[in-house]
Amino acid sequence: MLMISGIINALRKNGQMLICSDFHPFTKIVDTLGLEQKTTGYFSTDVFEGEMAHARFFDDETRKQIPLCSYRKYTISEIINAVIKNGFVLKQFDEHPAWENPNVPGEFTLIAVKE
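*Asks:* Mind showing me how you'd approach the overall build of the protein chain here?
*Replies:* Each helix and strand in the protein chain was counted, giving three helices and five strands. Listed by position from the N terminus, the elements making up the protein chain come as α-β-β-α-β-α-β-β. When the 115 residues of the protein chain are sorted by exposure, 34% land in the buried category. The long-range share in the protein chain, meaning contacts at least 24 apart out of those at least 6 apart in sequence, stands at 54%.

*Asks:* What should I look at first to understand the sheet that holds strand β5 (residues 105–114) in this one?
*Replies:* Strand order in the open sheet formed by three strands is β1-β5-β4, with antiparallel pairing between adjacent strands. Every interior strand has two partners, whereas the edge strands, β1 (17–23) and β4 (88–97), have only one. The mean angle between the axes of side-by-side strands here comes to 15°, regardless of whether they run parallel or antiparallel.

*Asks:* Where do I start with the environment of glycine 50 in this structure?
*Replies:* Relative to the helices and strands, glycine 50 is located in strand β2 (residues 47–50). Under the relative-accessibility criterion, glycine 50 is labelled buried at 11%. Taking C-alpha positions, glycine 50 is 8.6 Å from proline 67, a pair spaced 17 residues apart along the chain. When residues no more than four places from it in sequence are discounted, the contact partners of glycine 50 are Leu68, Cys69 and Tyr71.

*Asks:* Quick question: what am I supposed to make of the side chain of lysine 73 here?
*Replies:* Looking at where lysine 73 falls in the secondary structure, it is placed in the loop between β3 (69–72) and α3 (76–85). One polar contact links the side chain of lysine 73 to the main-chain carbonyl oxygen of threonine 27, over a distance of 3.4 Å.

*Asks:* What should I look at first to understand the pairing of β2 in this one?
*Replies:* Here β2 shows one buried face, formed by Phe48 and Gly50, and one open face, formed by Val47 and Glu49. For β2 and β3, the ladder comprises four bridges, and the chain directions are antiparallel. Each bridged residue has a counterpart across the sheet, and for glycine 50 the counterpart in β3 is cysteine 69.

*Asks:* Help me out: how do you make sense of α3 in this one?
*Replies:* Residue pairs three or four apart in sequence face the same way in an α-helix, which turns once every 3.6 residues. Of the positions making up α3, those classed as buried are Ile76, Glu78, Ile79, Ile80, Ala82 and Val83. Positive backbone phi, approximately 85°, marks glycine 87, located one or two places after α3.

*Asks:* Help me understand the pattern of salt bridges, please; the structure alone is not making it clear to me.
*Replies:* Pairing between side chains of opposite charge can happen when their charged atoms approach one another. A complete count under the given rule lists three salt bridges for this structure. In this structure, lysine 91 and glutamate 115 form a salt bridge, with 3.7 Å as the shortest nitrogen-oxygen distance. Of this pair, lysine 91 sits in strand β4 while glutamate 115 sits in the segment after β5, placing them 24 residues apart in sequence. Its relative accessible area of 55% is what places glutamate 115 among the exposed residues.

What counts, and where the lines are drawn
- Along each chain, residues carry numbers from 1 onward, in the same order as the chain's sequence is written.
- This being a predicted model, a pLDDT of at least 70 is required before a residue's local features are given, and a value of 80 or more before pairs of side-chain atoms are given or counted; all residues contribute to the totals for chains, interfaces and linings.
- Side-chain numbers here rest on the full set of heavy atoms in the structure, without hydrogens or water.
- The secondary structure listing takes helices from DSSP runs of H or I that are at least 4 residues long and strands from runs of E that are at least 2 residues long, numbered from the N terminus.
- Classification of residues uses two cut-offs on accessible area relative to the type maximum, computed with a 1.4 Å probe and protein chains only: under 20% is buried, over 50% is exposed, and between them is partly exposed.
- Throughout, a contact is declared for two residues whenever any of their heavy atoms are within 4.5 Å.
- Pairing between two strands requires that DSSP report at least two bridges joining them.
- To obtain an axis, a line is fitted to C-alpha atoms, over the contacting stretch when the element is a helix, and the angle between two such axes runs from 0 to 180 degrees between their N-to-C directions.
- Polar contacts, as counted here, are pairs of nitrogen or oxygen atoms within 3.5 Å of one another; within protein the pair requires one atom able to donate a hydrogen and one able to accept it, and residues that are adjacent in sequence qualify only if both atoms are side-chain atoms.
- When a carboxyl oxygen of Asp or Glu is within 4 Å of a side-chain nitrogen of Lys or Arg, the pair counts as a salt bridge.

Note that every value here comes from positions in space, so none of it alone points to a role or purpose.
Set out below in structure tokens:
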């Protein structure tokens, strides 16, 4: 949560717009996008070490050169609350279907303005 808040808080001026488009937290429990990412319980706060999400789209030689990273998957409420607690007003929140299964969420887009 501190990471999300720190990034959002870096936008300090009133009137600034935040557009956040990312993988939907539903991917915490099901790899709906086929990114070969670890799955866990929805409310888990575990930190993982692994490839960046898009590493699989590179050729094998390039993929081997990409360093591993640490990541944590947040819940929708953690993301939205970080936006609100940092002085932004949520203007729009959209969920987008998974690439291979339009019946489950795969990504989201959030638009907020600093007031």
